[in-house]
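# Structural features, examined
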Amino acid sequence: MKITIYDSTGNAVREIELNNQSDGPKSYQWDGMDSTGNKLPEGEYRIKVEAFDPNGNPVEVSTLSSGMVTGMTFENNVTYLIIDDSTKIQLSQVREIRNSTG
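This structure is a prediction, so every number in the text was calculated from the model and none was measured. (Residues numbered from 1 in each chain as written. Predicted model: local features only at pLDDT ≥ 70, side-chain atom pairs only at ≥ 80, totals over all residues. Heavy atoms only, no water.)

## A closer look at the overall build of the protein
The helix and strand tally for the protein stands at zero helices and seven strands. Along the protein, helices (α) and strands (β) appear in the sequence β-β-β-β-β-β-β when read from the amino end. Computed over C-alpha atoms, the radius of gyration of the protein comes to 16 Å, more than 25% over the 13 Å expected from 2.2 N^0.38 for 102 residues, which places it beyond the range of a compact globule. Relative to its full complement of 102 residues, the protein shows a buried share of 16%. Counting only contacts in the protein whose residues sit at least 6 apart along the sequence, the fraction spanning at least 24 positions is 23%. With an accessible surface of roughly 8500 Å², the protein has 45% of that area assigned to carbon and sulfur atoms. Charged side chains of the protein number 9 positive and 15 negative; the gap between the two group centres comes to 2 Å. (Helix = DSSP H or I, 4+ residues; strand = E, 2+ residues; numbered from the N terminus. Rg over C-alpha atoms; globule rule 2.2 N^0.38 Å. Buried < 20%, exposed > 50% of the residue type's maximum accessible area, 1.4 Å probe, protein only. Contact = heavy atoms within 4.5 Å. Areas by Shrake-Rupley, 256 points an atom, 1.4 Å probe, with all protein chains shown as cover. Lys, Arg positive; Asp, Glu negative; His and termini not counted. Charge placed at Lys NZ, Arg CZ, Asp CG, Glu CD.)

Here it is as structure tokens:
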């Protein structure tokens, strides 16, 4: 499995190779560092996850994010949830909201 992290301008800032992964859900928490170990500034980043079968053929993957909803905004006729006081996610992209105590 390979995870590539891109900055807001589309530049790849880090690639993580996670070899020999078994089938099923996986979790990864990025440490905020670039490929040379430098701490990157706060901002908007995108991820790309690629997975391959034992023969090297690509397999389909899906990604999910989690965080605390700290606000909501409506801009240009689109509703956004604010996650962790910093990230805007279109409400149409939200798949589940759970109570953090249960």
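## Regarding the sheet that holds strand E6 (residues 78–83)
If you trace the three strands from one edge of the open sheet to the other, you get E5-E6-E7, paired in antiparallel fashion. The sheet is open, and its two edges are formed by strand E5 (69–75) and strand E7 (87–90), each paired on a single side. Going across the sheet, the axis of each strand differs from the next one's by a mean of 30 degrees, ignoring polarity. Pairing geometry for E5 and E6, over six bridges, is antiparallel. In the strand pairing of E6, Val69 is matched with Ile83. (Pairing = 2+ DSSP bridges. Axes fitted to C-alpha atoms, helices over the stretch in contact; angles between N-to-C directions.)

## Considerations on the sheet that holds strand E4 (residues 58–59)
Within the open sheet, the four strands sit side by side as E2-E1-E3-E4. Their pairing is antiparallel. Strands at the two margins of the open sheet, each flanked by one partner only, are strand E2 (12–17) and E4. Here strand E1 (residues 2–6) pairs with E2 via five bridges, running antiparallel. Residue pairing across strands places Ile5 opposite Arg14, the latter belonging to E2.

## Observations concerning the pattern of salt bridges
Across all of its chains, the model carries seven salt bridges by this definition. Lys2 serves as the salt-bridge partner of Glu15, at 3.9 Å between the closest nitrogen and oxygen. Residue Glu15 is found in strand E2, and its partner Lys2 is found in strand E1; the two are separated by 13 residues along the sequence. Accessibility expressed as a relative area gives 47% for Glu15, which makes it partly exposed. Overlapping salt bridges bring together Lys2, Glu15, Lys48 and Glu50 as one network. (Salt bridge = Lys/Arg side-chain N within 4 Å of Asp/Glu carboxyl O.)

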